[in-house]
Every structure is written in structure tokens, then in C-alpha cells.
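Structural features, examined
Given next are the chains, with one letter for each unit.
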Amino acid sequence: MRSIKLGLFFCAFLISSIGYGQGSVQLQKSYLGLDLAVAVDSIQKKYNFKAYYNPEWFDGKKVTKSAAGLTIEEFFNRNVEEQGLKSVEYHGTIIFLANNPELYQVENSADQDLIIIGDKSSKLNEVVSVSGTITDGANDDPLIGARVYISSLNIGTITDFNGNYSLRVPVGKYTLEYSSISYEEKSVEVFIKSAGVLDVNLFSGSLQLDELVITAEGQDANVQQRVSGLENMNIETIKQLPTFMGEVDPVKSLTTMPGISTTGELSSGFNVRGGETGQNLILQDGAIIYNPTHLFGFYSAFNSDMVSDVNLYKGGGPANFGGRISSVLDIKLRHGDDENYKVSGGVGLVSSRLTAEGPILKNKASFLIGGRTSYTNWLLHSLNNIDLNSSAAAFYDMNAKLLYRISDKDYVTGSFYISHDDFNLSGDSQYDWGTTNFSLEWNHVYGEKTLSTLTLTSSDYEVQTSTSENEQEAFEFDNGIKNVSAKFEFLYKMHTKNSITAGVEFNKTESEPGDLKPLGEFSIIENVNIFNQHGNEFAVFLQDDWDLGARLALSGGIRYSMFRRVGADKVYTFEQGADVLRKPEVLDSTFYDSGDLIQSFSGLEPRFSLRYLLTSNSSVKMSYYRTYQYMHLISNTVSATPQDYYIASGPNLEPQYADQYSVGYFKNIRENLYQFSGEFYYKNIYNTIDFIEGAEILGNEELEGSLIQGKGVAYGLELQVKKNDGRLNGWISYTYSRSLRRYQSQFDYQTVNGGDYYSSNNDKPHDLSLVLNYKLGARLVLSANFSYSTGRPITVPISKFSYDKTLAALRYSERNAYRIPDYHRLDLSLTLKQGLRKDRLLRGEWVFSVFNVYGRKNAYSVYFIDSGQARKLSILGSIFPSISYNFKLAK
């Protein structure tokens, strides 16, 4: 397989101890009727030269032209041209090549393979032109300012805004070195015979996984990459996974990878290495996404037709990311086509989507716009839940992205995103929430080695909740969060083995913990208007990616962050001491005017990842990350809900920070056909947040007095085996992990479970995912996804006190001492792709999916009624078949 993955650009390569004269020797035997491979071997032995070729190309092929009286060169030309091959004589050496240019791709010069550029021989030392395009291997976007260099001649050039390059060079044999800032370098051995074209793909330095059928560089990235704890999924891989009601979900697809999980079926958000949902930084083109789902986790907030790449850093990532202690999910939207107009979309049982793209000014400016809408009420009415049967739900979202090339050295992109959700529960509870995001990015190329990026973003997330189930307790609750940020990065490529990134970042955040007001004239709810909280975060960072030798590589960085909580705001002082039995009383309060400093925090965040190559296909990696988090998600549910809100660090709440250590072994076999990885991590989390018993979070302006802070520990072993190619491909991931918390204090009301470590809400020791894709034919692909996990922890009543058949009280266990039943589910999908004709204006595919094939009633939660009896809530307790049609319309 290796020859295929590297392009298989030689069918036969004769390294001649024979000269041109031997190529002219006449053959005596005819070899007529013999297997072509047998004839080649016989001629090699008789005339003392060696031939290298792929036996599969000669499989079943016979010699059809007699060799008698022909030269070696004439014999091969006549018999192999029918197989798509040709013979080339170059300076006394006979070289046999495939005519298909795709087979000439070389990914690693260490293999001593050659690319032949040009289709005719020029005079030795004649200067010819070599040109081509350098693109991002993950999404085919052109790379601006990428470098092409020939060290032996000390000449080079850089690409323009279309990724094109042109280089004048004498004919001969050279090593072409391709590089771009933040991308892995590539060296290509070439024979330049005459003017020709060589296109090259480069892969991001943070790339770890790619689509299931990928090039050799992508396939061995898990061994070669410097960065540890990184997952990358190409959107084409994501689209192959079985979906719920036909909606592709980039975030849920990541949960099939080791170390990434969710708290329940179709829950909002995700958990990484024992962290909480609010400890993940989620970015779309640099702007923060606070709620990554629609309709409480039923659908993703990301339009898969707009997404180009999905990167998840398990631990903090490079120094240019910060603000969360668990992970960074960096989602990039693709650019619109700047040459042709295209339309794509999909129609499903519960939602539809439509995307359009094309040039505004050809080869200079382009647009990409897409939207989705839902019609889900029939689905809610079919669920096995009385409340959902009488509910209604809908969502829509829209993305737009513009690209404008100002000059050969400058280009600007602008992204816009808006979404809205409506959910009416049983006619008496209404949830409305929406996101409005904008980002502007300016890239400037200074020269062959230097690039700068300025990113400006704004994020606005708003929620409104109302309930009228009980007229006396009817209320409306509004909360949200706003963020504006500016980030400047300066990238310098010192040489092919060392690149440096430095920059500054500023975030201004305004959190609205909530306004609570009565709804209706009979409501007795008191009006509560909580002051908004304001925080300014500033950071400087330096990142160095350095190949220290042939085997050793380092990705190291340092980030210094500073957070200032400012007014206008009211801050409370609470009582403390042994006399406090349950909830501390307010002793005093202080009001701060707008802009007044309330309190400041700062922290140094060192990070490094070290890779050592044991062999060309195996490596060990070690990493350490320290991260700080100054904004904290407040939630009293296991899965995130729209009612959750953020509060800032301050006098009553310290920042959270974490130290994570990891060590891993990565091995590829069968020329990258199979991948194996095993990684162990250990994480200390400081100042984790929980509630005292009986805390009320909705409309509580004195909430900080009900919060406690302690320590968390998370550790685990992540294993994965992956098959990259073939009729059957896919992966199996298994994670053993623990996520523990401890709240220990000299005061009882701040102590949980006697100060001992206990399971966090997302502690699930065993987690298994199996993803398989089987090609039934050229157009049919069957996909399966099986998942299993340990049930999450819960607190249950262990006894009750009754008098005269009337329940008096329930006595509960220690916090999270029990677990709900284990979770497992199987999903299947069948994709019927478009016919093989390439000249169709409309191309499409049908996707048939079955979610929860054997109808498992997985417990989303277990709750207890007044009598102490348990009730199990299953969100999706039956089989959900679906059908969707995806299409592309191109000019």
C-alpha cells in the first residue's frame, strides 16, 4: 500500500548499471504469450539490470508483441503502453513511468523516489520554468505566501494569493523544499526534464487525523506531529457517520474519539478528559460559541456544508489559545469558490439546508452563504414522553463568509453567524435563545518567512425563559453573555525546521447572570435585577515549533494572562465560620461604578509537547499544559441548558486553573494502513466550583455565597486502533478514565462527602466507540457506529421517614454515590452516491439512517418522586429511521 499512498509514480524504475548502449541491445527471444511480469524478470537477469515495478499493474497481463529483434527500450514501449505506462531514456538511464500524473506524487524524499517534471528532454543546463499550486491538504484552499526553495542553487520564490508559484531552474535533479508558516515542510526529489507543473499539498502543523482516505502525509501525522492531545476530523469523515434524523453533527462526531464524551443522549456540549462543559472554549472563525447545539442538543449549531476543518485540543493547545482549562475546539469555515458559482444543500425529515457560493470579483473576491431551518414538531409528538408530545420546537441559523484579496500581500475575510431557537414545553414553559457572531480577519504577507494575522470578533448570546404552569409562580428569566475580542499574531519562519508565533489578545466580556420578573398579575415572584458582570482579559503569548533533530521535535510556548473584574457591579461580603449551618448570610455589600477595578488576577501558562521518533513509523510524545479560566459556567444540571449562565472571578470566586501531563505511544504499520495510539494523562484542577446543599441559582443575586471551591483530579488511558483505507475502514476507541472532586473545609457547610474525593457528574470510567465503513460497491457505503459507556453518577434517597402513611422526609446518600444504568447504542446508515458520470450539472446522494437500531431505552436521568420511588427518563427510547437527500449544483 505504501507505493499507492505515496502516489505510486513508478511502475518500473531501472537503475542502470546498463548504459544507453545496453538499452539498444537487440533481444533474441520473443517472450510472446508469457506473463509480462515473468518476461521483465527474465530480461533483468539476462541483461544485468534491475527493474522496480508494482506487480498489481501487470497482474494477468501477457506479452502481446514479440521481443525478437527489438531493443529493450522498444520491447517495453510496445508492451507496456497498453497498461498506461511509458519508457523514458534520460542520460543513459532507462526509466519506466506511469502516464497518469496523479501517480507521480511524492510525499517524503527519504524514500528516494523521483518525480519527473516535463514531457520532453531539454539540453543539459537549459533553464526552464517549473510552476504549480500549493494548497492546504485538508481543504484544498490555496496557501498564500508559501515558500518553494532549492538549497543547492540557493534560489526560491513564494506563492501568490491563488497559491500559484513559478520558478526558473536549469534541467537536472534537485530537491524542492515546500513550506508555509504553521504547516509541515515537504521535500520532493525531482528530475526536471523540461518546463512542467508540480502541484503540492501541505498539511497543518496541528493536523493529527484526516478523512478516512487521505494521503500518506496525513496518515502518518499521528506519529510525526509534535503536538500531543489533538484530534482533527475532516468534514468528509464526519459526513460518513450515522446521523440523528439526517443532521450531520461535527461536535458529536468528535465524541467517537478517545477522551471525549457526553453526559447523556443528545445532551448539549461535551466533556474532555474529565472536564466540564463550561471548561471548553468553542470557536467558529475565532468568535466564541457559547451554546454549540440547537434544541437542547438534538442538533448541532454548525452547518456541515460550511465547515472545512474541526480541531480539538485536549488540554489547552498552543500558547495562542487561552481562557478555558479543559479544551479548545477550533472550527474553521471554508472560503467560497472564487471562480465558479455553486449551490449545495440537503432535505431531511426534520430540517433542510441550502448553501450558495461563488465569485464577486473573479479570482479576487468570493462569497459563501448558507442557512438551515427545522420542522421538528412531528418528531416531538412521536417521542415516548407525555410532556414532549404536547410541545413545539423550531430553529434556524445562517452563516455568511466573504473573502477579498486586497493585493498580493493582503487579504481579508469576514464571517457572520446568527441562530435562533424556540422551544415550548407542554404549552406552559417557553425557551428562546439565540446567537449573533461576527469575525473579521486580515492577513498580511511580509515576505517569504513572515506573516501576520489580525482577528476582530464579537459574540452575543441571549436567552429568555418563561413559565406559566402555576399562575402564582409564573415568571420570566433573561440571561446572556457578550464578548468582543482582538487578537494579533505574528508568525516568523526562521528556517524550515523552526517557526515562531508571537502575539497579544484582548477579551472584553459582559455577563448577564439574569433578570427575574413576575409574569402575569397573579404571580407572587419578586422582581430581581442582578447587576451585569464585566471582565477584561489581556494575554501575551509566544510559541515555538522546532525540529531539534531528525528524531526530536518540540512544540513549546508560554502565555501570560491577566484578568480584571470591573464595575458597574455590586459585590457582597458573606459571613463565615462554624456558626454557619447551611447558607451564609450577607454581612455587607459594595457598589463599584462603571470601570472601577473590583479585583484582578493573573497567571503564567507554560505549555510544551515533545515528540521523539523511535522509528520512521513510531514515536513517543510527552506534554505539559497549564491553563487558566476566569469566566465560569453556573449550572445545576448535568447537561448544559439555556438557563445556565457565566459569572466572573472576583472577591468571592477564585479563577480555576489546571495542570495536565500526558505521555503517549504512536505506531503505524503496513505503510500507514493501520494506526495504533495509546496515551495516558493526569490532570490536577484547582478551584473547581460546586454548590452548597440547597443552593438556588435562578435569579439569586447572592449566588456567590452558595458556591464552594475545591480540587479536582482526572486521569485516564486512551487507546485507539484505526484502519485508514480499504473496502472496510474505520476505528475503535476505548478510554478508561476517572474524574473526581474534593471539597474540604474547616466549615461543614463548605464540605462535601466528609472532605473525601467523590465522582464528578461526568465521571464515566469506561467509554467505547466503534466506527466502521464498508464499501458495498462503487456507489454504496454502509456505516455503523456503536457506543458504550458507564452510567454517570447520581445521588439517591437511601431511606425515608413516614408517619400515618404520610411521607415526612427522604434521607439521601452521599453526593454521586450511585450510578444510572450503563449506556449503549448502535446506529447504521447507508449512503447511495451519485453515478460515476462527471458531467452532471446536479450531483446528489441519498442517506438512509437508523438511530438506536435495537431501541435501547437509555436512561437520560433517574429522579425520585415524593414517595422515594425512582423514575427513569429516556429521551430516545425507540428506533429512529430517517432519510435525507444531499445535492450539489455546479456550473
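Rules and cut-offs
Residues numbered from 1 in each chain as written. Predicted model: local features only at pLDDT ≥ 70, side-chain atom pairs only at ≥ 80, totals over all residues. Heavy atoms only, no water. Helix = DSSP H or I, 4+ residues; strand = E, 2+ residues; numbered from the N terminus. Buried < 20%, exposed > 50% of the residue type's maximum accessible area, 1.4 Å probe, protein only. Contact = heavy atoms within 4.5 Å. Areas by Shrake-Rupley, 256 points an atom, 1.4 Å probe, with all protein chains shown as cover. Pairing = 2+ DSSP bridges. Axes fitted to C-alpha atoms, helices over the stretch in contact; angles between N-to-C directions. Phe/Tyr/Trp six-rings, centres within 6.5 Å; stacked < 30°, edge-to-face > 60°. Lys NZ or Arg CZ within 6 Å of the ring centre and 35° of its normal. pLDDT = per-residue confidence, 0-100. Salt bridge = Lys/Arg side-chain N within 4 Å of Asp/Glu carboxyl O. Polar contact = N/O pair within 3.5 Å; in protein donor to acceptor, adjacent residues only side chain to side chain. Lys, Arg positive; Asp, Glu negative; His and termini not counted.

Quick notes on the overall build of the protein
Scanning the protein for helices and strands turns up 11 helices and 55 strands. Here the protein, with 891 residues, has 55% of them falling under the buried criterion. Summarising the internal contacts of the protein: among those between residues at least 6 apart in sequence, 65% fall at separations of at least 24. Only carbon and sulfur atoms are counted for the fraction: they give 53% of the accessible area of the protein, which is about 37100 Å².

Brief notes about the sheet that holds strand β9 (residues 172-179)
The strand order β4-β10-β9-β6-β7 describes an open sheet built from five strands, whose pairing is mixed. Where the open sheet ends on each side, the last strands, each with one partner, are β4 (115-117) and β7 (155-158). Shown here is a sheet whose adjacent strand axes are inclined to one another by a mean of 30°, direction ignored. Note that β9 and strand β10 (residues 186-192) share seven bridges and pair antiparallel. In the sheet register, Glu177 faces β10, and the bridge partner there is Ser187.

Focus on the sheet that holds strand β17 (residues 287-288)
Taken together, five strands build an open sheet; the order of strands is β13-β20-β21-β16-β17 and the sheet is mixed. Looking along the sheet, the strands with just one partner apiece sit at the ends: β13 (230-234) and β17. Bridge count between strand β20 (residues 307-314) and strand β21 (residues 327-333): seven bridges; the pairing is antiparallel. Considered in β21, the bridge of Val310 is made with Ile331.

Quick notes on the packing of aromatic side chains
Tallied over the entire structure, the rule returns 21 aromatic pairs. Relative to Phe367, the ring of Tyr341 lies with its centre 6.5 Å away and its plane at 40°, an arrangement referred to as tilted. With Tyr341 in the loop between β21 and β22 (342-347) and Phe367 in strand β24 (residues 365-374), this residue pair connects regions lying 26 residues apart in the sequence. A ring pair is formed by Phe563 and Tyr630, whose centres lie 5.1 Å apart and whose planes are at 5°; its orientation type is stacked. Of this pair, Phe563 sits in strand β33 (residues 552-566) while Tyr630 sits in the loop between β37 (618-629) and β38 (631-634); the two residues are 67 residues apart in sequence, bridging distant segments of the chain. Overall, Phe563 belongs to the buried group, its relative accessible area being 1%. An aromatic cluster of three or more residues is present, and its members are Phe563, Tyr628, Tyr630, Tyr657 and Tyr686. A cation over an aromatic ring shows up here: Lys487 above the ring of Phe321, its NZ or CZ 4.8 Å from the ring centre.

Notes on the environment of Pro518
Relative to the assigned elements, Pro518 resides in strand β30 (residues 498-518). Between the alpha carbons of Pro518 and Ala474 there is a distance of 6.1 Å; along the sequence they are 44 residues apart. Residues contacting Pro518, with those up to four places away along its chain left out, are Ala474, Phe475, Ser523, Ile525, Glu526 and Asn527.

What to know about unusual backbone geometry
Negative phi values dominate among residues other than glycine, just as trans dominates among peptide bonds. Cis geometry marks the peptide bond from Gly567 to Ala568, where omega comes out at 10°. Positive phi is not limited to glycine here, since Asn852 has a value of about 65°.

With respect to the confidence of the model for the protein
The pLDDT averaged across the protein works out to 81; a share of 82% of its residues lies at or above 70. The least confident element of the protein is strand β1 (residues 10-13), whose mean pLDDT is 33; the most confident is β17, at 96. With pLDDT under 50 throughout, residues 1-23 is counted as low confidence; its partners more than four residues away or in other chains account for 88 contacts. Under a pLDDT of 50 for its full length, residues 206-218 has, in the predicted model, 56 contacts with residues more than four places off or in other chains.

Section: the side chain of Thr355
Residue placement: Thr355 occurs in strand β23 (residues 351-361). Not counting chain neighbours up to four residues away, the residues in contact with Thr355 comprise Asn303, Asp305, Met306, Arg334, Lys342, Val343, Ser344, Leu368, Ile369 and Gly370.

Regarding the pattern of salt bridges
Applying the stated rule across the entire model yields 23 salt bridges. We note a salt bridge from Asp659 to Arg626, for which the minimum N-O separation is 2.7 Å. On the criterion of sequence distance, the pair formed by Asp659 in strand β40 (residues 656-669) and Arg626 in strand β37 is long-range, its members being 33 residues apart. The structure contains a network of salt bridges with shared partners spanning Glu231, Arg273, Lys314, Glu679 and Glu718.

Focus on the environment of Ser619
Looking at the element boundaries, Ser619 is found in strand β37. As a C-alpha pair, Ser619 and Gln224 span 395 residues in sequence and 7.4 Å in three-dimensional space. Aside from chain neighbours lying at most four places away, what touches Ser619 is Asn222, Val223, Arg611, Tyr612, Leu613, Leu614, Gly664, Tyr665 and Phe666. Side-chain polar atoms of Ser619 contact the backbone oxygen of Val223, separated by 2.9 Å.

A short note on the environment of Gly297
By secondary structure assignment, the location of Gly297 is in the loop between β18 (293-294) and β19 (299-300). The buried category is assigned to Gly297, whose relative accessible area is 1%. Along the sequence, Gly297 and Gly264 sit 33 residues apart, while their C-alpha atoms lie 9.9 Å from each other.

With respect to the pairing of β9
In this sheet, β9 lies alongside strand β6 (residues 147-150) in antiparallel orientation, the contact comprising three bridges. What sits directly across from Arg147, in β9, is Ser179.

A look at the side chain of Glu189
Note on placement: Glu189 falls in strand β10. Nearest to the buried, unbridged Glu189 among oppositely charged side chains is Lys173, at 5.3 Å. In terms of polar contacts, Glu189 uses its side chain to reach the side chain of Thr175, at 3.0 Å.

A word on the pairing of β23
Here β22 pairs with β23 via six bridges, running antiparallel. What sits directly across from Val347, in β23, is Ser352. Joining the antiparallel neighbours β23 and β24 is a turn of three residues, in which Asn363 adopts a positive phi near 60°.

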